[in-house]
Amino acid sequence: MEHNFSLWCQKATEKIRYRPDRRVVCQELMDHLEDHRDTLMEQGLTREEAEQKALEAMGSAQEIADQLAAIHRPWLGYLFSMVRVAAIAAALPAIFFCVVSVWTLLFNLISANQFDWVPDRFTSVDYYCRPNVSDSSDGRFYQVTEAGYSTKHSEFYLEIRTIYWPHLRHWGIFDEFWAVDSKGNYYASIHEAGYEKIPRLEAMGWSTSACIAHYHFVIHDFDCDAQWLELHYDRDGRDVVLRIDLTGGNEHGTP
Amino acid sequence: MEHRKRLRKTLVYFLVLAVSVIAIYFLCGGKSLNAEMAFRRQEKLNMIGPAHIMDVLDYEEDRYDHLLIGQSQYGYTFFEWNDQNPDDGVLNYQPKQEGATLYCTKYSYNAMDYQQAYLPIFAFSDHYAARAKLTLTTNMDGEAIQYVLEAQRSEAGYFLFRWKTDVLRSADFWQIQQLITGEYNNYVLDSSAQAMLELFDSKGELTETYHFTK
């Protein structure tokens, strides 16, 4: 007879077009039939008689099916399913990209570069420091993570790290950084110097990840007796200043 | 009740979908939806502005279709882009100088038509003037040449001088570019180029004169 209950419920719900709703309504009807059967059995009927009476009390499965079809709204069910699938399909890659971005952000924040970007011929770095000076403007954060010089070559190397959002890369800003040192020497920006042979910052390259850019500079003919070097960015009213103290570093060329 | 619960859930999922799509768009370096968005993005990348947009010119250079002119607190911005991909546009910045500021583009306008091609030179003044005259002096191998250009004030408030390039020597072109924008060109051997900007009021009276030298 359970089998009859099941058949009756399936017939009564066959016109519900949205399948998940059909299953739910079918289960509710089954529960109702079983409750009614149990009540009748408590009143003294046999199981078969109680099931028969419960089915008769529900009426025609065909009529129930027609009534349910009339009140059911499948469009919301289909919309719900589609939006749910789309949301999950979009959320997974979004979460993945966010995790990757945060991971690379943290990785770059804590990693020690140790001048691994300096070409082999400049390995005679005999003064090294990690200034960790920073400044920010326009939602962009600039930090000097490494600095050092080679007395043999009179060259100064430094790395500026910038963290910014959204995920866009641009190098033009670094062409506008200029510098002065404690001896009053002026080092022109890449943009200002152009091809002229004047003391200047020179780009050595860059690396990037999701939200971090590392920009590498070298200053030729650097005065190694300077106590500090100050980097400036001052275009269109901005004022980014990064002062590198050259008195507290390591003279052995290691971090 | 079930209907309302489903409706609420649908809206929540829709919100999740919208936020995820936007996040993916930006995390992947999403393309600008229009030229102004590309311009504002370039401003942020270059740490310039935000500029007030003065004008947009149709710019028939072989690389770019349009030129946007903006004014920020300390300078002027020039954004050149083509319709296919505004994100490939180039932003240039010219700091304001006291009294008057000049700017010229790197490439000539209407360059496809040699007879019509000209180098646009923009002039901005702190004081109102109805008309302006720009005298350019270039030197090559000791030979000085003068070019005199005139322009009326545009509705946006700047002067646009059209320096016809079909009569120029290449060195003149580069000397003036170097003078005005400071862009070094290693073909420039002589840095004695000069520019003189004269401003006139609506009656034709000379009101201001500015000299520009290297």
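What this report covers is the structure whose coordinates are included nearby. Residue numbers here run from 1 along each chain, matching the order of that chain's written sequence. Each chain is given a letter, starting from A, and each ligand a number, starting from 1, according to the order in which they appear as written. The predicted origin of the model limits local features to residues at a pLDDT of at least 70 and limits the giving and counting of side-chain atom pairs to 80 or more, whereas totals for whole chains, interfaces and linings rest on all residues. No hydrogens and no water enter the side-chain calculation; it runs on all heavy atoms of the structure.

Here we take up the sheet that holds strand 2 (residues 66-71) of chain B. All names here are of chain B. Reading across the sheet, the four strands line up as 1-2-3-4 and stay open at both edges, with antiparallel pairing between neighbours. Each of the sheet's edge strands pairs with one partner strand only, and the pair in question is strand 1 (52-58) and strand 4 (90-95). Strand-to-strand twist of the sheet, defined as the mean angle between neighbouring strand axes without regard to direction, takes the value 20°. What makes two strands pair is DSSP finding at least two bridges between them. Think of it this way: any DSSP run of H or I at least four residues long counts as a helix, any run of E at least two long counts as a strand, and we number them from the N terminus. With six bridges connecting them, strand 3 (residues 75-81) and strand 4 associate as antiparallel partners. If you follow Phe79 over to strand 4, its bridge partner there is Leu91. Between the N-to-C directions of two axes lies an angle of 0 to 180 degrees, each axis being a line fitted to C-alpha atoms and, for a helix, fitted only over the stretch in contact.

Residues and elements named next belong to chain B. Here the expected span of a helix is defined as 1.5 Å times the quantity of residues minus one. Compared with an ideal rise of 1.5 Å per residue, which puts 12 residues at 16 Å, helix 2 (residues 35-46) spans 16 Å between its outermost C-alpha atoms and is within 8% of the ideal. If you check which residues of helix 2 are buried, you get Ala35, Ala38, Phe39, Arg41, Gln42, Glu43, Leu45 and Asn46. Met47 sits one or two positions beyond helix 2 and adopts a positive phi of about 55°. Here's how the labels work: a residue is buried when its accessible area is under 20% of the maximum for its type, exposed when over 50%, partly exposed in between, all with a 1.4 Å probe on protein chains only.

Here the focus is the interface of chain B and chain A. In what follows, a contact means two residues having at least one pair of non-hydrogen atoms within 4.5 Å. At the junction of the two partners, chain B supplies 32 residues and chain A supplies 37 residues. Accessible area that two parts lose when put together, with a 1.4 Å probe and added across both, is what the buried area reports. Between chain B and chain A lies a buried interface of about 3100 Å² when both sides are counted; carbon and sulfur atoms form 70% of it. On the chain B side of the interface with chain A, the three residues burying the most area are B:Arg6, B:Leu27 and B:Met47, jointly 27% of the side's total. Only one rule defines a salt bridge in this text: a Lys or Arg side-chain nitrogen within 4 Å of an Asp or Glu carboxyl oxygen. Counting every contact that joins chain B to chain A gives one salt bridge.

Looking now at the side chain of B:Asn92. All names here are of chain B. Along the chain, the position of Asn92 falls in strand 4. Judged by relative accessible area, which is 12%, Asn92 ranks as buried. Every residue in contact with Asn92, bar those within four places of it in the chain, is listed here: Tyr76, Thr77, Phe78, Glu80, Tyr103 and Lys106.

Right, let's talk about unusual backbone geometry for a bit. Here the bond from B:Gly49 into B:Pro50 is cis, since omega is 10°, no more than 30 degrees from zero. Looking at the element boundaries, B:Pro50 is found in the loop between helix 2 and strand 1. Notably, A:Ser154 is not glycine yet its phi reads approximately 50°, a positive angle. Residue position: A:Ser154 is located in the loop between strand 3 (140-150) and strand 4 (155-163). Look at B:Met47: it is not a glycine, yet its phi comes out positive at around 55°. Mapped onto the fold, B:Met47 is located in the loop between helix 2 and strand 1.

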